[in-house]
Amino acid sequence: MTRISADVVVLDIEGTTSAAGFILGDLYDYARPRLDEVLGRDDDTVRGARADAIAETGLDADATDAEVADALRGLMASDVKSTPLKTLQGIIWAEGFAAGEIHSQFFDDVPPRLRAWHEDGIRLAVYSSGSIASQVPWFRHAPQGDLTVLVEDFFDTVSAGPKKESGSYDRIAAALGVTPERALFLTDHPDEVAAALSAGWQVVALDRVGEPWAGSDFATDAVASFDRIEIAR
């Protein structure tokens with residue numbers, strides 16, 4: 001059992017609260033064929049993401065929606081953490097959740113521990129490379145019930161910065177009004193562990209069997225489930 005004293009717990013999603021294979025499978029499959037339609041919308045957020053995607057992928061400025069969509073699907077195939085891609089996926093997934101066409105997935109150990117920590121006065125937040133627009137419905141449509149009522153705030157690479165840079169964790173701590181030494185980050189990625197530790201945070205790594213980073217050298221305490229983490233204020 002890993003025992004931590006903290007005021008705030010910030011959660012990664014993929015590989016930490018939820019199976020990476022589910023996200024890279026079911027959700028990616030849902031988004032792929034819908035990229036063309038979304039790219040053609042007359043919407044400021046979409047237009048901004050489209051322009052950023054063109055710049056990021058090296059396409060010509062006059063690229064068609066189909067060409068941009070194909071380039072984005074190429075990024076998806078390589079699981080590139082692209083901000084414009086995440087923005088467009090977030091729009092697609094939020095609509096899919098609202099329509100009941102897709103649902104989220106959480107490891108069985110996660111919701112009970114989140115509820116217990118919340119009841120004990122531990123503040124909870126989320127920090128994922130997926131856009132906030134996709135994070136919120138992911139937690140709202142959990143099979144175990146609406147988990148957004150437990151979460152104080154959501155952060156992504158637009159609002160906080162890249163997850164492998166220590167400055168991102170400085171920004172999150174400032175936004176939450178907490179000192180780094182009273183913040184705990186839960187993640188499955190060794191580079192994110194290093195970045196958060198560099199920012200002075202406490203970090204516990206999730207080393208879940210079958211997940212992409214299982215068995216890594218995390219350079220911090222690693223556990224197989226949330227049940228192995230005990231948090232007190």
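Everything below is about the structure printed above this text.
Description of the structure in this document. Here the residue numbering is sequential within each chain, running from 1 through the sequence in written order. It should be noted that, the model being predicted, local features are given only for residues of pLDDT at least 70 and side-chain atom pairs only at 80 or more, the latter also being counted only at that level, while totals for whole chains, interfaces and linings use all residues. Computation of side-chain values: all heavy atoms of the structure, hydrogens and water removed.

For the rest of this paragraph, the subject is the pairing of strand β2 (residues 8-11). Burial classes: relative accessible area under 20% of the type maximum marks a residue as buried, over 50% as exposed, and values in between as partly exposed (1.4 Å probe, protein chains only). The numbering of helices and of strands both runs from the N terminus, where a helix is a DSSP run of H or I of at least 4 residues and a strand a run of E of at least 2. Here β2 shows no split at all, with V8 and V10 on one side and V9 and L11 on the other all buried. For two strands to be treated as a pair, DSSP must find at least two bridges joining them. The pairing of β2 with strand β5 (residues 183-187) spans four bridges and is classified as parallel. By the bridge assignment for β5, L11 is matched with L186.

Pairing of aromatic rings covers Phe, Tyr and the six-membered ring of Trp, with a centre-to-centre limit of 6.5 Å; geometry is then stacked below 30 degrees between planes, edge-to-face above 60, and tilted otherwise. As enumerated under the stated definition, the model contains twelve aromatic pairs in all. Relative to W138, the ring of F106 lies with its centre 6.1 Å away and its plane at 45°, an arrangement referred to as tilted. Separated by 32 residues along the polypeptide, F106 in the loop between α5 (83-98) and α6 (110-119) and W138 in helix α7 (residues 132-140) bring together distant segments of the chain. This pair shows no difference in class: F106 is buried, exactly as W138 is. Each ring, one from Y169 and one from W201, has its centre 5.6 Å from the other, and the planes form 80°; the classification is edge-to-face. Of the two residues, Y169 sits in helix α8 (residues 166-176) while W201 sits in the loop between α9 (190-198) and β6 (202-206), which places them 32 residues apart along the sequence. W201 matches Y169 in its accessibility class, with the two residues each being buried. Following the ring pairs from residue to residue traces out a cluster consisting of F22, F97, F106, W138, F139 and F154.

With that out of the way, let us pick up the environment of K163. In this fold, K163 is placed in the loop between β4 (153-155) and α8. Counting along the chain gives 41 residues from K163 to V204, while the straight-line C-alpha distance between them is 15 Å. Polar contacts here mean pairs of N or O atoms no more than 3.5 Å apart (in protein, one a potential hydrogen donor and the other a potential acceptor; neighbouring residues in sequence count only if both atoms are side-chain atoms). In terms of polar contacts, K163 uses its side chain to reach the backbone carbonyl oxygen of Y127, at 3.2 Å. Of note is the side chain of K163, whose polar atom sits 3.4 Å from the side chain of E192.

A separate point is the packing of α5 against α7. A fitted line through C-alpha atoms serves as each axis, taken over the contacting stretch for helices, and the angle formed by two N-to-C directions is quoted from 0 to 180°. Direction vectors running N to C along α5 and α7 enclose 25°, while the axes themselves pass 7 Å from each other. Considered as vectors, α5 and α7 are oriented roughly parallel to each other. Here α5 runs over α7; the crossing is left-handed. Contact residues: G90, W93, A94 and F97 in α5; A133, S134, P137 and W138 in α7. Orientation labels follow simple angle bins: below 35 degrees gives roughly parallel, above 145 gives roughly antiparallel, 65 to 115 gives roughly perpendicular, and whatever is left gives oblique. Definitions for this section: a left-handed crossing has its near helix turned counterclockwise from the far helix by less than a right angle. A right-handed crossing has that turn clockwise. Whether two residues touch is decided by their heavy atoms; if any such pair falls within 4.5 Å, the residues are in contact.

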